[in-house]
Amino acid sequence: MSENTQTDDQTFEAAEYADGTVTYPPHTVSPNGAERVGTVDLREREGRVVTWTTSTATPPGVREPNTLAIVEFDMGEEYDGPVVRALGQVAPRADADDAGESGDVDVDIGDRVEPVYADDLREPGAGIREPESQEWDGFRFRPVE
């Protein structure tokens, strides 16, 4: 389970709707019934930790302990829609020693975070499903100074 250098083809995609709202995860229509008109890449937005927890009893193939955070994204002063939040694993700080497979990371409520791409959020062969049946990559949140 590793973080990799992000490229332009890895986006952390939220949906933008005709009524100006944004949701993550993306849906076909907004909660108000507005049509989807585009996307917003959440990698380009600042996020802040709303709350976090550490799970010590994780599913097969998920690092143990596994620190998770709910992150709220700053959508800008002109944005007047509902808050945009995401739940995800927390990555080690950029200046910290690599937490490796242990998942031991340092995060606090209010920390600024950036989404970082990971090839494997869990070990593909450890679960009961066929590895080819689902995606294993995604984004973690890394605290920044």
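Residues numbered from 1 in each chain as written. Predicted model: local features only at pLDDT ≥ 70, side-chain atom pairs only at ≥ 80, totals over all residues. Heavy atoms only, no water.

J.: What exactly am I supposed to notice about the packing of aromatic side chains here?
T.: Ring pairs (aromatic) are described by centroid distance and by the angle formed between their planes. This model, assessed by the stated rule, comprises 6 aromatic pairs. Their ring planes at 80° and their centres at 5.9 Å tell us that F12 and F73 sit as a pair that is edge-to-face. With a gap of 61 residues between them, F12 in the segment before β1 (13–17) and F73 in strand β5 (residues 66–73) connect regions that are remote in the sequence. Each member of the pair, F12 together with F73, is buried. Ring-pair connections join several aromatic residues into one group, and the members of that group are F12, Y24, F73, Y117, F139 and F141. (Phe/Tyr/Trp six-rings, centres within 6.5 Å; stacked < 30°, edge-to-face > 60°. Helix = DSSP H or I, 4+ residues; strand = E, 2+ residues; numbered from the N terminus. Buried < 20%, exposed > 50% of the residue type's maximum accessible area, 1.4 Å probe, protein only.)

J.: In this structure, what is going on with the pairing of β5? I would like to understand it.
T.: Within a regular beta strand, the side chains point alternately toward one face of the sheet and then the other, so they alternate between its two faces. In this structure, strand β4 (residues 47–55) lies alongside β5, joined through 8 bridges in antiparallel fashion. When the sheet's bridge partners are listed, W52 is paired in β5 with A69. Summarising the sheet, β5 and strand β6 (residues 84–89) pair through 6 bridges and their orientation is antiparallel. For A69, the partnering residue across the bridge sits in β6 and is G88. (Pairing = 2+ DSSP bridges.)

J.: It is not clear to me how the nonpolar core should be interpreted in this structure. Could you clarify?
T.: Nonpolar side chains in soluble globular proteins generally cluster together in the buried interior. In terms of nonpolar packing, the biggest core is built from 20 residues, with F12, V22, L42, F73, M75, V84 and F141 touching the most fellow members. Per element, the largest residue contribution to this core is 3 residues, and it comes from β5. Residues in contact with V84, not counting those within four places in the same chain, are V22, Y24, L42, V71, E72, F73, M75 and Y79. (Core = buried A, V, L, I, M, F, W, Y, C linked by side-chain atoms within 4.5 Å. Contact = heavy atoms within 4.5 Å.)

J.: Just checking my understanding: could you explain the sheet that holds strand β2 (residues 22–23) for this structure?
T.: Neighbouring strands of a sheet are bound in pairs by backbone hydrogen bonds; such pairs are parallel or else antiparallel. In spatial order, the strands read β2-β1-β3; together these 3 strands make up an open sheet with antiparallel pairing. What marks the edges here is a single partner per strand, and that holds for β2 and β3 (36–41). Note: β1 against β2, 2 bridges, orientation antiparallel. Residue pairing for β2: A15 is matched across the bridge by T23.

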